[in-house]
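The lines below spell out each chain.
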Amino acid sequence: MIVLIFSILGSVFSLGGNILIAHKKRSGWLWWIAGNGAWIAVNFLGQMNVPMVLMYVAYFIINVTGYREWRREADIIKAENNKKISAKFSAEIFLFKFT
């Protein structure tokens, strides 16, 4: 019964993560990580399938790397946008002082 529950969770989180990534939502990586964890648990709780465990461990690593990379890129974009806003605000203040 517990294997069935983890199988359902693995399916739901894997599909949900896939859908979220398709919509460019960073949280999709977290869903995929949870799904891969559930699939790894299925293999430890049920009949062990070593190649499948290795595959889900590889997916887990890829998902963690993807999440971190998307987060790093989002932070860079946010910093660039803040610089643009700050520069625009400074220019507006400068113009306001001399008009």
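Summary of the structure given here.

What counts, and at which threshold
- Residues numbered from 1 in each chain as written.
- Predicted model: local features only at pLDDT ≥ 70, side-chain atom pairs only at ≥ 80, totals over all residues.
- Heavy atoms only, no water.
- Patch = residues over 30% accessible without salt bridge, like charges linked within 9 Å, V, L, I, M, F, W, Y side chains within 5 Å.
- Areas by Shrake-Rupley, 256 points an atom, 1.4 Å probe, with all protein chains shown as cover.
- Salt bridge = Lys/Arg side-chain N within 4 Å of Asp/Glu carboxyl O.
- Helix = DSSP H or I, 4+ residues; strand = E, 2+ residues; numbered from the N terminus.
- Buried < 20%, exposed > 50% of the residue type's maximum accessible area, 1.4 Å probe, protein only.
- Axes fitted to C-alpha atoms, helices over the stretch in contact; angles between N-to-C directions.
- Parallel < 35°, antiparallel > 145°, perpendicular 65-115°, else oblique.
- Left-handed = near helix turned anticlockwise from the far one by under 90°.
- Nonpolar A, V, L, I, M, F, W, Y, C, P; charged D, E, K, R; others polar.

## Quick notes on a nonpolar patch on the surface
- Among the surface-exposed residues, Met 1, Ile 2, Leu 4, Ile 5, Ile 8, Leu 9, Val 12, Leu 30, Trp 31 and Leu 45 lie close enough to one another that they form a single nonpolar patch of about 950 Å² accessible area.
- When contributions to the nonpolar patch are tallied by element, the ones reaching two or more residues are helix H1 (2–22) and helix H2 (27–45).
- When residues of the nonpolar patch are assigned to their parent elements, the largest contribution, 6 residues, is made by H1.
- As for its placement among the helices and strands, Leu 4 is situated in helix H1.

## Quick word on the environment of Leu 30
- Within the secondary structure, Leu 30 sits in helix H2.
- The spacing of Leu 30 and Gly 16 is 14 residues in sequence and 9.9 Å in space, taken between C-alpha atoms.

## Looking at the environment of Val 12
- Relative to the helices and strands, Val 12 resides in helix H1.
- Owing to a relative accessible area of 45%, Val 12 belongs among the partly exposed residues under this scheme.
- The spacing of Val 12 and Trp 31 is 19 residues in sequence and 8.8 Å in space, taken between C-alpha atoms.

## Observations regarding unusual backbone geometry
- One non-glycine residue, Lys 24, lies in positive phi territory at about 60°.
- Note on placement: Lys 24 falls in the loop between H1 and H2.
- The class for Lys 24 is exposed, based on a relative accessible area of 68%.

## Remarks on the packing of H1 against H2
- Following both chains from N to C, one finds H1 and H2 inclined at 155°, their axes separated by 7 Å at the closest point. The angle between H1 and H2 places the two elements in the roughly antiparallel class. In terms of crossing hand, the pair formed by H1 and H2 is left-handed.
- Residues that form the contact of H1 with H2 fall into these classes: 17 nonpolar, 10 polar and no charged.

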